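Secondary and tertiary structure notes
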Amino acid sequence: MKGITSLALALVVLGPVIVLNGCSGGSANSSLPIMVSVSVGSSPLEASLADPVTAMVSGDPAGKGVAWSVSCSGGQCGSIVAGPASGTPNLYTATYTAPGTPPASDLTVTIKATSLADGSTSGSANVTIPAITFSPSLTKATVQAIAGNTVPINVIVNGDPSNQGVKFSISPASQAANLTVQDPFDATYNAPSTPPASDLTVMVTATSVEDSTKTVTVTITVPSVTIAVTPTTATVDAMGNVPNIVATLGNDASNQGVTWSVTCATPPCGSVAPGPTLTGNPTTYAAPTTPPSPSDLTVTVTATSVADPAAQTTMTITVKAISVSVTASMGTVQFNQMVSNIVAVVNDDPAMKGVTWAIQPCGVKDCGSISSNATSSGQAITYTAPATPPVNDLPITITASSVSNPVQQGSVAITVLAIVVSVSPSTAIIPVNAAAGLNATPFTATVNNDSSNQGTNWSLTQNGTACSPVCGTITPASGTQTVYAAPSTLPANTQVSITASSVTDGLKSASATITLTAGTVKLIPATLIFGRLKLIKLPKKTLTETLTNTGSSVLNITSQTISGNSSPYSVTGPCQGSSATMVASGSSCAISVQFAPTSVGSFNGTLSIADDDITSPQQVPLSGSACTRFGCVGGATIRAALEENQTATVPSPSGSYKVGTRTADLVDTSRSDPYLANGAKRELLVRIWYPSAGGQSCQPAPYTSSGVWNYLAQLEKVPAPQVKTNSCQDASVATGAHPVVVFTHGYTGTFTDYTFLFEDLASRGYIVASVNHTFEATAVQFPDGRVVKSVLGSHFGNTSRLDESTTSLAVAVRLADLKFVMDELQGLNASVSSPFAGKLDLSRVAVAGHSLGGLTALVGLKLEPRFGAAISVDGVMPGPLFGATEKPVLMLFAGRDAWDQDTCNLWSGLHGPRLALNFRGSEHLTPSDIVWLAKGAIQTGSVSMDSTVAAIRSYITAFLDANLSGKPADPLLTGAPSDDPDVEVTTQTQSPCSKTVTNAQQ
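Residues numbered from 1 in each chain as written. Predicted model: local features only at pLDDT ≥ 70, side-chain atom pairs only at ≥ 80, totals over all residues. Heavy atoms only, no water.

Below, the discussion takes up the overall build of the protein chain. Counting its secondary structure elements, the protein chain contains 8 helices and 66 strands. Counting only C-alpha atoms and orienting by the principal axes, one finds that the protein chain spans roughly 115 × 90 × 60 Å. Here the protein chain, with 1002 residues, has 51% of them falling under the buried criterion. Pairs at least 24 residues apart make up 67% of the contacts formed inside the protein chain by residues separated by at least 6 positions. (Helix = DSSP H or I, 4+ residues; strand = E, 2+ residues; numbered from the N terminus. Buried < 20%, exposed > 50% of the residue type's maximum accessible area, 1.4 Å probe, protein only. Contact = heavy atoms within 4.5 Å.)

Attention shifts here to the pairing of strand β9 (residues 122-129). Burial within β9 is extensive, with 6 of its 8 residues counted as buried. Bridging between strand β8 (residues 107-115) and β9 involves 8 bridges; their strand directions are antiparallel. Paired with A113 across the bridge in β9 is G123. Joining the antiparallel neighbours β8 and β9 is a turn of 6 residues. (Pairing = 2+ DSSP bridges.)

Let's shift gears to unusual backbone geometry. Omega for the peptide link from G275 to P276 comes to 5°, which places this bond in the cis form. Along the chain, P276 turns up in the loop between β22 (271-272) and β23 (282-286). Note the cis peptide between I524 and P525, where omega equals -5°. Of note, P525 is situated in the loop between β44 (521-524) and β45 (528-534). Within the chain, N255 stands out as a residue other than glycine whose phi angle is a positive 50°. Locating N255 in the fold gives a position in the loop between β20 (241-250) and β21 (258-264). Within the chain, D730 stands out as a residue other than glycine whose phi angle is a positive 60°.

A few words on the sheet that holds strand β12 (residues 150-158). Taken in spatial order, the 4 strands make up an open sheet running β10-β12-β15-β14, and their pairing is antiparallel. A single partner strand is all that each edge strand has here, and the edge strands are β10 (133-136) and β14 (179-183). The mean inter-strand angle of the sheet, taken between neighbouring strand axes irrespective of direction, is 25°. Sheet analysis places β14 next to strand β15 (residues 186-190), joined by 4 bridges and oriented antiparallel. Opposite T180, over in β15, you have T188 as the bridge partner. (Axes fitted to C-alpha atoms, helices over the stretch in contact; angles between N-to-C directions.)

On to the environment of Y484. Relative to the helices and strands, Y484 resides in strand β41 (residues 481-485). From its side chain, Y484 meets the backbone oxygen of C471 in a polar contact 2.5 Å long. (Polar contact = N/O pair within 3.5 Å; in protein donor to acceptor, adjacent residues only side chain to side chain.)

Mean pLDDT for the protein chain: 87, with 93% of residues reaching 70 or above. The least confident element of the protein chain is strand β2 (residues 18-21), whose mean pLDDT is 25; the most confident is strand β59 (residues 767-772), at 98. Ignoring residues within four places in sequence, the model shows residues 1-31, a span with pLDDT below 50, making 85 contacts including any to other chains. Between residues 995-1002, whose pLDDT stays under 50, and residues either more than four places distant or in other chains, the model counts 12 contacts. (pLDDT = per-residue confidence, 0-100.)

Moving on to the nonpolar core. Counting residues in hydrophobic clusters, the biggest one holds 60 residues, and the most contacted among them are L917, W932, L933, I956 and L960. Top contributing element to this core by residue count: helix α8 (residues 945-963), with 9 residues. Non-local contacts of L960, meaning those with residues more than four positions away in its chain, are made with V741, L761, Y766, A846, I871 and S965. With 41 residues, the next largest nonpolar core counts A664, L666, A870 and M891 among its residues. (Core = buried A, V, L, I, M, F, W, Y, C linked by side-chain atoms within 4.5 Å.)

Right, let's talk about the sheet that holds β21 for a bit. Reading across from one edge, β19-β25-β24-β21 is the order of the 4 strands in this open sheet, with mixed pairing throughout. The open sheet has two edge strands, β19 (233-237) and β21, and neither has a second partner. Put simply, the sheet's adjacent strands are angled 25° from each other on average, direction ignored. The pairing of β21 with strand β24 (residues 297-305) spans 7 bridges and is classified as antiparallel. Bridge pairing in β24 places T259 opposite T304.

Now for the packing of aromatic side chains. The final tally for this structure, using the stated rule, is 14 aromatic pairs. Grouped by ring-pair contacts, the aromatic residues F530, Y569, F595 and F603 constitute a single cluster. (Phe/Tyr/Trp six-rings, centres within 6.5 Å; stacked < 30°, edge-to-face > 60°.)

Locating D252 in the fold gives a position in the loop between β20 and β21. Despite its burial, D252 pairs with no opposite charge; the closest candidate is K140, at 24 Å N-O. Among the polar contacts made by the side chain of D252, one reaches the main-chain amide nitrogen of G257 at a distance of 3.1 Å. Excluding residues within four positions of it along the chain, D252 makes contact with V225, G257 and A307. (Lys, Arg positive; Asp, Glu negative; His and termini not counted. Salt bridge = Lys/Arg side-chain N within 4 Å of Asp/Glu carboxyl O.)

At a closest axis distance of 10 Å, the pairing of helix α3 (residues 755-763) and α8 adopts a crossing angle of 45°. By the angle between their directions, the pair α3 and α8 is classed as oblique. At the point where α3 passes α8, the crossing takes the right-handed sense. In this structure, α3 uses F756, L757, D760 and L761 to contact α8, whose residues at the interface are V949, I952, R953, I956, T957 and L960. (Parallel < 35°, antiparallel > 145°, perpendicular 65-115°, else oblique. Left-handed = near helix turned anticlockwise from the far one by under 90°.)

Tracing the backbone through its elements, the reader meets A253 in the loop between β20 and β21. With 28 residues separating them in the primary sequence, A253 and V225 have C-alpha atoms 8.9 Å apart.

All right, on to helix α2 (residues 706-716) then. Counting buried positions over the 11 residues of α2 gives 8, a clear majority of the element. Taken together, the buried positions of α2 are occupied by S706, G707, V708, W709, Y711, L712, A713 and E716. Of the residues flanking the end of α2, it is K717, one or two places downstream, whose phi is positive at about 60°.

With that out of the way, let us pick up helix α5 (residues 852-863). Between its first and last C-alpha atoms α5 spans 16 Å; for 12 residues at 1.5 Å apiece the expected length is 16 Å, and the two agree. Counting buried residues in α5 gives 9 out of 12 residues, a clear majority hidden from the surface. Regarding α5, the residues found buried are L852, G853, G854, L855, T856, A857, L858, G860 and L861. The inward-facing, buried residues of α5 abut β58 (738-744), α4 (804-830), β62 (840-850), β63 (869-873), β64 (889-894) and α6 (901-908). (Expected span 1.5 Å × (residues − 1).)

Okay, structure coming up:
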């Protein structure tokens, strides 16, 4: 049951429901008639399998239930057994088991539930039991009699509960030695090494083991004449030629040569002199006079023997479409500033006409300007941002269109940054009766993205009304720093807001809250907010409270304790003054409070400081939260963002290739599924993104299957967003052998959760195979419509099982899955009937993963010799027994504070090329698609979502280019500044765990 399939794009099909109304109900006192509706879990349902059935009864207050029965037109209809009480009033369950053997033809079984309160009322639903059917990879083939030529035959058997597959036979019997059977689903016909005297017809028949009446035959023709064409592939621009195309014939006794023909999906296809051309004599292909549009054109040139027309062979020529790539010197800019060196390079344009430039509408009146509306290829322009700052970050798209073919475009995204103001400290408790000068407290405003650098104006308010000098004074009233002085007496309203407003944009401001007291103890800040920690290796975070004695005498501290929901909080550094418990006049001391959660949730507490001041005990609120070790998923913020962003588009890829995608449904016949107890073989769905050859119409690929998408929306309790991808479904693969990235998703995630990265890698020439780990992934929809859900729960809704034994099992299963997928990729690469034949460079394979997938990738790098590099995206760290490796490793962290011991141990064991990135201010989900699907809900540090997406793509591609593709190292890998200032880079010779080292192998 193996083979390449398309991703099904269909609405979720619920079990068929038929409702039949009763005549009068089951009770003389009932005002409503009894009604029965029946629903089934799966249809079609293979023979011998069992499936739940439910009946809903209304109008039966006594709850008498239903009687179940099955009927069909055949002899064996299966059986049904009533289940236990459902726990829901008037909802009744049963289990239907299909007949043990498949029917000769599709069988319709009617499942009926009859009301026990009113025998004349029933409901029913139908289940189809499918007959065994075959889906052969081919029914006809022609193969030349040349040693090493083969015809792979793959038979997908549907409706076979025993999964025994088929038996292969061949006719004529003289060809039996040429048939190799690999397994019950795969065989290979090996062509004879010498041509037959006349055309040979070979019949390979596959017969179902389960039902011998079901067969399928593959007809193979072996021509008497052999033909070889050189070259086998070529690439040419429009108006160009491919000379010296030569057909060499064997067994052509009459020396009649070949004729030539040219075909393609979208004519004109170009031409080759039709011939005949004698063996060894060259001919020339002439490309069309205009470039193809909108993508490369794949042309098939066929040489056909004149003496034996069954003898044919082909070569593939790619006629390049015009392509436009645009780059810029930076991705963000402040108002009234410029981005220089925006360059468009036009490829494969014989007319060399250059581009026209335009700024796409940006939603506001002033989108900025460009220095030129038309340039030649490679000539730079400059973008000037609007003269005034935007209200919010303003995304700008600058597009270059080919003059020769305006449909061909390239674009670059630039973000004009809005002004952002912050004030530090954000809270303070300040006494009014302080000794001279001690009531003065400095506040600092930070203004980002203000190209005019005008600073801020300061103000004091209470409930929005100016209050100075009653509530205190500020000196000076403008600039980025000011000093607040408390009043001499306590005002009626003790809450004061000190606000810094941008001079450039008065709508942008930030405030700090001051609480005035009558005592002598100043506390900064007034609250300790620890934020959200991930439960990875029992995290800890320490914040400091600064206490200042503003009185004229010594302050005696008697205790510093935690109260309230205090289990995660502790005082790890008590206040130390001139002595252990005394703080002199005008002196300060620090109190260190540690937050160390051990479970998921939000935690509040209070730091209480007891002393001899009149305000004792002073109380500082504490707050923090903790998420699962695999990330903080869901929540009201994400749901609100998903509801607001009901239409979304995957961020545009940055590479020059068009992107294709397809899925592979793979069954590991050597391994029983470890999550099932019935011995069923392990079945995986793998989605593959790849550089496309173009030259054909693009059928837009769905983001994921409708069954999975609607189930995820159901779990998150939001409408399913409409998502547009940049991929073409089942497009042909670009010529050449491409490096491969095998990806393993986050715990209970799905294989499309990182589409923004996969499409970008494919556009840059990589083939990405993303594995859906069945029964762990939240949901998988197979091509036959089955939606298989996780047996381990899901991070959607926080129901996933996180005990060590479960996650350890998940990693072990994943590692076996990856080994099997590598075996299958080798088969796809070797099979002449595969769309990936010869397109996978399996000498250059990286393994990558997120979260638990990051751990899987690191362990997989050690266990699977075919993996040459690994990328761990905010991954769980392996333990101290991981050991050392010479292979390249990239570790990408999201918002990590300090390195723990496991991370340090891993880093010290990386003796080959290594790089660590920390995206400060980001969170565990930032490197996934949710960052753009729920735009605004996921933290990305100080930069925009677009900038973070671009940085993640750029760093990962730079690592792969240098360590998998052999390209020169990008300056990003050496710590050169990027467009994302939040990225902290640890390079080959550095270590956050110790002093800088000079040799990575130490």
